[in-house]
Amino acid sequence: MLFRLRRSLERRWLSTAVVAGLIAVVSGLVLTLAAGAQRTARAPDAFTAAVGGEIDATVTEPFGQPRTDEVAALPGVRSLDAITFMFASVRDPQHESAFSNVAFAGSRLSTSRLVAGRVADPANLREFVADRGFVRQHQSRLGDHYKLVSWTQDQVEGGRFGVDNPAGPSVDGVLVGIIDSPETLESDYTTVIFSGALFDEVLGGETLINVRLDSGTTLTKLRSELDGLPDGSALNLDAGSVISPPIRNAVDGLARGIWLLAVVAAVAGVVALGQLLSRHARLAETERQALKALGFTSSELAAETMSRAMVPAVAGIALGTVVAVLASGVFPAGFARSIEPNPGLRADFAVLAAGAVLLLVGLMVWVGLALLVAHRRPAGRPWFAGERIARGAPSPTAATGIRFALSGSEGGAGTSTIGRFGGLALLVAGVVGAITFAVSLDRLVSDHARFGSNFTFLASPNSEAGAADMLTAFQEDADVDGLMVISGAQVRAGEKTIGLIGVEHVKGELAPRVLSGRLPSGPDEISMGRVTARQLHLKLGDNLTLEGSAGRGSYRVVGLAVVPGLAAISGVGEGGVATADGLARLEAEPDRAIAVLVRSGAPANTGERLATSILGQPAGVEDTPPAIVNFRRVRGIPGVLAIVLAALVVLTMVHALIVSIQRRRRELAVLRALGADGRWIERAVHWQASVLIAAPLILGVPIGLLAGASVFRAFANRIGALPDPVVPIALVAAVMAGFLAVANLAALLPARRARLLPAAQLLRDE
């Protein structure tokens, strides 16, 4: 047997090399995706380890001078660093009118990683570090000079920050270091960090303090120590995280999408390469008979066939593993690349070895099954259901095509026929499900109303008198269809700090979207975001005790809602919604804004006109919640998956059609002998192609729509957004029509061959 294998390789070395090369290409793609998915999934943990490990807590100081020294002196605090938002920005030296996003002061590097240059000297007010986003935006290099400009307290209190020209102190700065900062993944802001000593000159706002605790110190103990500080209840406490949960969720989603692509590519590869490998390794029937006459047993013949297949399979997969290592530098993919601490080539031996073994086993199993099926005797019994459908066909050609599609080559509904339809139906369901999910996700991340911003813009009044004047002006404008005053504050639910939004309806049907239950109607009622309700283990009818700077109160949970965002409250599924009076029980001076809904059909510039005429300035752009920002980055994956599955449907369908026509040469010859002309047979083949894809479409489309909608609902509920999926009827109908068209295009060549060849030639081929 070894002698025959060696001689076969010598005689057929070119075809063996071609097959091995094709296996290398496909296996390289599959292994690259698998290793890339694993590397992407591990990126958050790798980044966390690179910056010194996880932080234990984050203390947020809403305003005032940073209290880092007081927090650092608390028992149990091992180390900390802080960063403070400054009412300042960095002026681009090449464009005097252009500014970067807001600047920060402090030394917060525990959640960032220095990738070039050095850390700024805290005693040097001129030095600063910036993230890669700033460097890309300004095409910066180390040593470049910029001017930090700031706004005065009067400008900030008057709501003119970022609107008026900065009138505060300015500082000439020099870029000395570049960092990777995960925070930029949650928003469009860039991070620019100056020395905290600037607070003697520049106005500061919210401060974030990252804390690492001594062993044995809990968040409960830290909370009690913070409460012991003067006005310590104003300090918010949350569990710390170098990579925030929204970013981790987005990275996990991206990794799962790449894994799914790897699995789909592996299945497609096994199906396509398995057929190719089976044909390459199969012994000709004349050779089999000759070897049997020489004494070869069936087991020995099967072993030789498997050995012929094993050689190119092992060689190709080994080469594919090398390809995967060389291509590993393209991962982590997308936005996750910015949190990979060690970019470049990497060999994940565990994933590559497991993937290579699974691919080899899959190919060998396919070859083995093909070997068994090739020598299995067909049953020859007609399939009753297929025969009944054929008898109801509108014409004899249609009946013949239906019989060809719904039965095996000997007239029975064998396992190959059932498996073919079942596999195609599942693939069609995957295509339709991926399309449904992709369209639903695209609408979710682009329609602001579905994640809490169901208004046209927000107007921020400078005072209560200013708010009253604004409301009057907005109410009198005929283009304003809805008005709602929203206020927000950070309050405490036990150890957890949550954002609470107070709503006051003024005009129209403008209100937060309700997921279940109802919105609060009294000061002692609350509707929760789904994520926060899940974290606090709350359900409808439960009581919740909240505490704010103005007092403490008990609230009854009456519903789940999509929470609007305001200031530092990101909303969507996090936080809660109360009435304005309900929020006033906890916070005397919350952030306030007026939500304005422009009527449908109003001129396109209505929002700009209202803001300019009533506010005296353009309307501000609301920050997109971090969860939505991250999901926008991965919304292309379902579409890619749909394309890959659609390609697999086409390949499977074309292969099934070609093989079916080849196996029915005898039936075609009989039809020709009975008087069927070429065009009659051609029409029958096209009927066969249409039924071959129509049956899986009838079964797979409803399954795909239900599966895609169900997966999207679970996905939206995970972040607390509106979970209503899109049913893309028109797009699915177009896909169905496309599959039917491709099936008939694929039938052109075998149909033409069946039409032109005479019966004698068909029987000779048989």
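Residues numbered from 1 in each chain as written. Predicted model: local features only at pLDDT ≥ 70, side-chain atom pairs only at ≥ 80, totals over all residues. Heavy atoms only, no water.

### Some details on the overall build of the protein chain
- A tally of regular secondary structure across the protein chain gives 24 helices and 19 strands.
- Taking all 766 residues of the protein chain together, the buried fraction comes to 49%.
- Counting every atom, the protein chain has about 34900 Å² of accessible surface; 59% of that belongs to carbon and sulfur. (Helix = DSSP H or I, 4+ residues; strand = E, 2+ residues; numbered from the N terminus. Buried < 20%, exposed > 50% of the residue type's maximum accessible area, 1.4 Å probe, protein only. Areas by Shrake-Rupley, 256 points an atom, 1.4 Å probe, with all protein chains shown as cover.)

### Side note on the packing of aromatic side chains
- For the structure on display, the rule yields eight aromatic pairs.
- Taking the centre distance of 6.0 Å and the plane angle of 75 degrees together, the rings of F128 and Y146 count as edge-to-face. In this pair, F128 sits in strand β5 (residues 127–131) while Y146 sits in strand β6 (residues 145–150), placing the two residues 18 residues apart along the sequence. Taken individually, F128 and Y146 each receive the classification buried, so the pair is uniform in this respect. (Phe/Tyr/Trp six-rings, centres within 6.5 Å; stacked < 30°, edge-to-face > 60°.)

### Quick look at a nonpolar patch on the surface
- Nonpolar side chains collect at one region of the surface, where L319, V322, V323, L326 and L345 lie side by side and expose about 470 Å² of accessible area between them.
- Along the chain, the position of V322 falls in helix α9 (residues 298–326). (Patch = residues over 30% accessible without salt bridge, like charges linked within 9 Å, V, L, I, M, F, W, Y side chains within 5 Å. Salt bridge = Lys/Arg side-chain N within 4 Å of Asp/Glu carboxyl O.)

### A look at the nonpolar core
- Counting 98 residues, the largest nonpolar core has I23, L277, L363 and V649 as its most contacted members.
- No other element matches helix α7 (residues 245–281), which puts 15 residues into this core.
- The residues contacting L363, other than those within four sequence positions of it, are I23, G269, V270, L273, G274, L277, A313 and I317.
- The next biggest cluster of nonpolar side chains, apart from the first, holds 20 residues, and it includes V491, I498, L544 and L583. (Core = buried A, V, L, I, M, F, W, Y, C linked by side-chain atoms within 4.5 Å. Contact = heavy atoms within 4.5 Å.)

### A short note on the pattern of salt bridges
- As enumerated under the stated definition, the model contains 20 salt bridges in all.
- Across the salt bridge formed by R609 and D479, the nearest N and O atoms sit 3.0 Å from each other. In this pair, R609 sits in helix α17 (residues 606–615) while D479 sits in the loop between α14 (464–476) and β12 (480–493), placing the two residues 130 residues apart along the sequence.
- Notably, a salt bridge pairs K539 with D542, separated by 3.6 Å at the nearest N-O pair.
- The exposed category is assigned to K539, whose relative accessible area is 57%.
- Overall, D542 belongs to the buried group, its relative accessible area being 18%.
- What you see here is one network of salt bridges that share partners, running through R443, D447, R450 and D724.

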